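Analysis of the macromolecular model
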Amino acid sequence: MEILRSIVVVIHLVGFATLFGAWLVEALGKKRITRLMHWGVAIALVAGLALSAPWGLTHDLNYVKIGIKVVILVIIGGLLGAGAARERKTGSVPAGIFWPIGILTLTNASLAVIW
């Protein structure tokens, strides 16, 4: 069971890396929202929800931490949706939508490691 959980952790990290990597590339380039960012947030959400299930662990899960991370991920998803819609309408993503995506993504990863 621990091997399966470890595989899901790796998938979760791949989702984070996809989201943050795509955002970082765009931060250094055209500052737009890409489909890869949407895929990254979806992978991170699904794998994160799978990790929040009890896997026969001997220790308790920190549901406050999990809840905060889910809320941040939902906000990131909302910003991605709003940014993509704004980009289709005006041709660019406002800085007030683009930069918080990266900041919140890094915050979410930091919470996972530090907390």
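Scope of this entry: the structure provided in the associated data block. This is a predicted model, so every value here is computed, not measured.

**Structural notes on the overall build of the chain**
On a plain count of helices and strands, the chain comes out with 4 helices and 0 strands. If you list the helices and strands of the chain from N to C, you get α-α-α-α. If one aligns the C-alpha atoms of the chain with their principal axes, the spans along those axes are about 50 × 25 × 20 Å. Out of the 115 residues belonging to the chain, those deemed buried represent 32%. Summing over all exposed atoms, the chain offers an accessible surface of approximately 6900 Å²; the carbon and sulfur share of this is 72%. When the 10 positive and 4 negative side-chain charges of the chain are each reduced to one mean point, those points stand 12 Å apart.

**Here's the deal with helix H2 (residues 35-51)**
Here H2 spans 24 Å end to end across 17 residues, near enough to the 24 Å set by a 1.5 Å rise per residue. Listed in full, the buried residues belonging to H2 are Met-37, Gly-40, Val-41, Ala-44, Ala-47 and Leu-51. In an axial view of H2, the angular spread of the buried residues amounts to 145 degrees, which keeps them on one side of the axis. Facing away from the buried side of H2, by more than 90 degrees, are the exposed residues Arg-35, Trp-39 and Val-46. Buried residues belonging to H2 abut helix H1 (2-27), helix H3 (63-90) and helix H4 (95-114).

**Topic: the packing of aromatic side chains**
Counting across every chain of the model gives 5 aromatic pairs. Residues Phe-20 and Trp-23 carry aromatic rings whose centres are separated by 5.7 Å and whose planes lie at 25 degrees to one another, so their mutual orientation is stacked. Of the two residues, Phe-20 and Trp-23 are both situated in helix H1; the distance of 3 residues between them amounts to about one turn of the helix. Relative to Trp-99, the ring of Phe-98 lies with its centre 5.4 Å away and its plane at 85 degrees, an arrangement referred to as edge-to-face. Residue class for Trp-99 comes out partly exposed when judged on its relative accessible area of 35%. Of the aromatic side chains, those joined through ring pairs into one cluster are Phe-16, Phe-20, Trp-23, Phe-98 and Trp-99.

What counts as what
Residues numbered from 1 in each chain as written. Predicted model: local features only at pLDDT ≥ 70, side-chain atom pairs only at ≥ 80, totals over all residues. Heavy atoms only, no water. Helix = DSSP H or I, 4+ residues; strand = E, 2+ residues; numbered from the N terminus. Buried < 20%, exposed > 50% of the residue type's maximum accessible area, 1.4 Å probe, protein only. Areas by Shrake-Rupley, 256 points an atom, 1.4 Å probe, with all protein chains shown as cover. Lys, Arg positive; Asp, Glu negative; His and termini not counted. Charge placed at Lys NZ, Arg CZ, Asp CG, Glu CD. Expected span 1.5 Å × (residues − 1). Arc of directions from axis to C-beta. Contact = heavy atoms within 4.5 Å. Phe/Tyr/Trp six-rings, centres within 6.5 Å; stacked < 30°, edge-to-face > 60°.

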